[in-house]
Amino acid sequence: MIAKLSLKLRNAGLVGSFLLALVACAPTAQSAVHTMYRDVNCGCCLAWREHLEGALPMSVVAQDVGNMSAVKERLGVPKQLRSCHTMVIDGYVIEGHVPAETIAKLLKERPSDVSGLAVPGMPIGSPGMEQGGRTEPYQVIAFGPKGFAVFASYP
């Protein structure tokens, strides 16, 4: 009887280990980790990170940078489109307060002529810039080798 119980426990342990490994490999259990470059004095960046992590299967690590202009220059963010934080997701540069749904659209469509998306400045009501019910209209601008184009608009 003890031998049968021991065999059952060992089999249960194997099944449990198998299930744990299966869950760890499931797409919903895994999320990509991305680095957001930000100025240490900017708090809205952390609110934008929470927005992304709540809406997309990703984890965002905030890296404080002393010279954000150098990061933006290295990643090819046009000067007129710059904002307070920058990150790269699947090869696309994301600049500023781009909504998660717009990033999801970019990653689904994967346009070859787009290097990244930007929300210039810090519009009130954009993700991370919420101020109660106040909003101002803004556009998400796609940029790339052929120039700029409106990718999405928010009222």
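Preceding this section is the structure that the text describes.
Residues numbered from 1 in each chain as written. Predicted model: local features only at pLDDT ≥ 70, side-chain atom pairs only at ≥ 80, totals over all residues. Heavy atoms only, no water.

## As for helix α3 (residues 68–75)
The condition that has to hold: Remark: exposure states derive from per-residue accessible area (1.4 Å probe, protein chains only) relative to the maximum for the residue type, with buried under 20%, exposed over 50%, and partly exposed in between. A run of H or I in DSSP becomes a helix once it reaches four residues, and a run of E becomes a strand once it reaches two; helices and strands are each numbered from the N terminus. What the arc describes is the spread of directions from the helix axis to the C-beta atoms. Polar contacts, as counted here, are pairs of nitrogen or oxygen atoms within 3.5 Å of one another; within protein the pair requires one atom able to donate a hydrogen and one able to accept it, and residues that are adjacent in sequence qualify only if both atoms are side-chain atoms.
Here α3 has its buried residues at Met68, Val71 and Lys72. Down the axis of α3, the smallest arc covering the buried residues is 95°, so these residues share one side. Exposed and facing more than 90 degrees away from the buried side of α3 are Glu73 and Arg74. Two to three positions downstream of the cap, the backbone nitrogen of Ser69 sits 3.3 Å from a side-chain oxygen, assigning the N-cap of α3 to Asn67. Gly76 lies just past α3 and shows a positive phi near 80°.

## Notes on the pairing of strand β5 (residues 116–119)
Filter applied, for reference: The handedness of a crossover follows from its direction of travel: if, with the strands pointing away from the viewer, the path from the first strand over the helix to the second runs clockwise, the crossover is right-handed. Each pair of strands is called paired provided DSSP finds at least two bridges between the two strands.
The alternating pattern of β5 places Gly116 and Ala118 on one face and Leu117 and Val119 on the opposite face, and all of these are buried. With helix α4 (residues 100–109) bridging strand β4 (residues 92–96) and its parallel neighbour β5, the resulting β-α-β unit is left-handed. In this sheet, strand β6 (residues 138–144) lies alongside β5 in antiparallel orientation, the contact comprising three bridges. Within the sheet, the bridge partner assigned to Gly116 lies in β6 and is Phe143.

## Details of the nonpolar core
What counts, and what does not: Nonpolar cores are built from buried Ala, Val, Leu, Ile, Met, Phe, Trp, Tyr and Cys residues. Side-chain atoms within 4.5 Å join them into one set. Whether two residues touch is decided by their heavy atoms; if any such pair falls within 4.5 Å, the residues are in contact.
Of all hydrophobic cores here, the largest spans 28 residues; its most connected members are Leu52, Met87, Ile94, Ile103, Leu117 and Val140. Put simply, the parts of the chain that give this core at least two residues each are α2 (44–55), β2 (58–64), β3 (85–89), β4, α4, β5, β6 and β7 (147–154). Here this core gets four residues from one element, more than from any other, and that element is α2. Aside from chain neighbours lying at most four places away, what touches Ile94 is Trp48, His85, Thr86, Met87, Ile89, Ile103, Leu106 and Leu117.

## Let's talk about the pattern of salt bridges
Formally: A side-chain nitrogen of Lys or Arg and a carboxyl oxygen of Asp or Glu constitute a salt bridge if their distance falls within 4 Å.
In total, this model carries four salt bridges according to the counting rule given. Residue Glu95 is joined to Lys72 by a salt bridge in which the shortest nitrogen-to-oxygen separation is 2.6 Å. Placement of Glu95 in strand β4 and of Lys72 in helix α3 is noted, with a sequence separation of 23 residues between them. Under the relative-accessibility criterion, Glu95 is labelled buried at 0%. Given the relative accessible area of 4%, Lys72 is considered buried. Across the salt bridge formed by Arg110 and Asp90, the nearest N and O atoms sit 3.2 Å from each other. Of this pair, Arg110 sits in the loop between α4 and β5 while Asp90 sits in the loop between β3 and β4, and the two are 20 residues apart along the sequence.

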